[in-house]
Amino acid sequence: MLSDGGGIISESGGDYFSELGGEIISESGARIASEFAQKPRFHRVQGNNAYSTVPDEQFSRWLQHNVPTLFQVAQNHPDWKNRKIRFEFWASAPLTAESAALYAAAKAEINANRYEIRVRLGDDIMELCEDIGDDAIR
């Protein structure tokens, strides 16, 4: 699902979000928030048991398959092709050491002028939710 005037597409176990005009709106119509209205962002939201870890195969697929594929889609989208793109992986559980090393290596190799990647984990996400100040998402 790509919106015509949009900014982001997120996947969260079947729930998709689009960022339009500085807000993130879910398919159900709920407002989530937006830090950077001018930067299209693609989010992968991964719900895992906070006492486990994100499976390596899920993280590596996002990093090595989804990010390059979505970057190509964004480059062909008239509203996004000349804008800096950000890909974010959100998870309630931590990454394994192997996934953390894969992320660090990719982040060091990626040309930041083309796009950027970011990982937000448990405490990072909680802080973001608290900063929004909306009781519905706390």
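Quick note: structure is the one above.
Since we're looking at a predicted model, the values are computed, not measured. (Residues numbered from 1 in each chain as written. Predicted model: local features only at pLDDT ≥ 70, side-chain atom pairs only at ≥ 80, totals over all residues. Heavy atoms only, no water.)

1. A short note on the packing of aromatic side chains
Inference 1: Scanning the model with the defined rule gives six aromatic pairs in all.
Inference 2: Summarising the aromatic geometry, the rings of Phe59 and Phe89 are spaced 5.0 Å apart at their centres and angled 85° between planes, so their arrangement reads as edge-to-face. Within this pair, whereas Phe59 is found in helix H1 (residues 56–75), its partner Phe89 is found in strand E5 (residues 85–91), the two being separated by 30 residues in sequence. In this structure, Phe59 and Phe89 share a single accessibility class: buried.
Inference 3: Between Phe71 and Tyr115, the ring centres sit 4.7 Å apart and the planes meet at 45°, which makes this aromatic pair tilted. Here Tyr115 lies in strand E6 (residues 115–120) and Phe71 lies in helix H1, a separation of 44 residues in the sequence. With respect to class, Phe71 is no different from Tyr115; both count as buried.
Inference 4: These aromatic residues form a ring-pair network of at least three members: Phe59, Trp62, Phe89 and Tyr103. (Phe/Tyr/Trp six-rings, centres within 6.5 Å; stacked < 30°, edge-to-face > 60°. Helix = DSSP H or I, 4+ residues; strand = E, 2+ residues; numbered from the N terminus. Buried < 20%, exposed > 50% of the residue type's maximum accessible area, 1.4 Å probe, protein only.)

2. Some words on H1
Inference 1: A rise of 1.5 Å per residue sets the reference length of H1, with its 20 residues, at 28 Å; its end C-alpha atoms lie 28 Å apart and thus fit the reference within 8%.
Inference 2: The largest bend along H1 reaches roughly 35° and is located at Asn66, with the proline Pro68 sitting one to four residues downstream.
Inference 3: Of the residues making up H1, those classed as buried are Phe59, Ser60, Trp62, Leu63, Asn66, Val67, Phe71 and Ala74. (Expected span 1.5 Å × (residues − 1). Bend = angle between axes of the 7 residues up to and from the residue.)

3. Focus on the nonpolar core
Inference 1: Within the largest apolar cluster, 20 residues are counted, with the highest numbers of intra-cluster contacts made by Phe59, Trp62, Ile85, Phe87, Phe89 and Ile117.
Inference 2: Among the secondary structure elements, those contributing two or more residues to this core are H1, E5, helix H2 (97–109) and E6.
Inference 3: When residues in this core are grouped by element, the largest group, six residues, is from H1. (Core = buried A, V, L, I, M, F, W, Y, C linked by side-chain atoms within 4.5 Å.)

4. A short note on the pairing of E5
The two faces of a sheet get side chains in turn, since along a regular strand they alternate between them.
Inference 1: Burial analysis of E5 places seven of its seven residues in the buried class, the great majority of the element.
Inference 2: Both strand E4 (residues 41–46) and E5 contribute to a ladder of six bridges, which runs parallel. Bridging across to E5, Arg44 finds its partner in Phe89.
Inference 3: Note that the unit made of E4, H1 and E5 has a crossover that is right-handed.
Inference 4: As defined by bridge partners, E5 adjoins E6 across six bridges and the pair is classed as parallel. Within E6, the residue paired with Phe89 across the bridge is Val119.
Inference 5: Handedness of the E5-H2-E6 crossover: right-handed. (Pairing = 2+ DSSP bridges. Right-handed = clockwise from strand over helix to strand, strands pointing away.)

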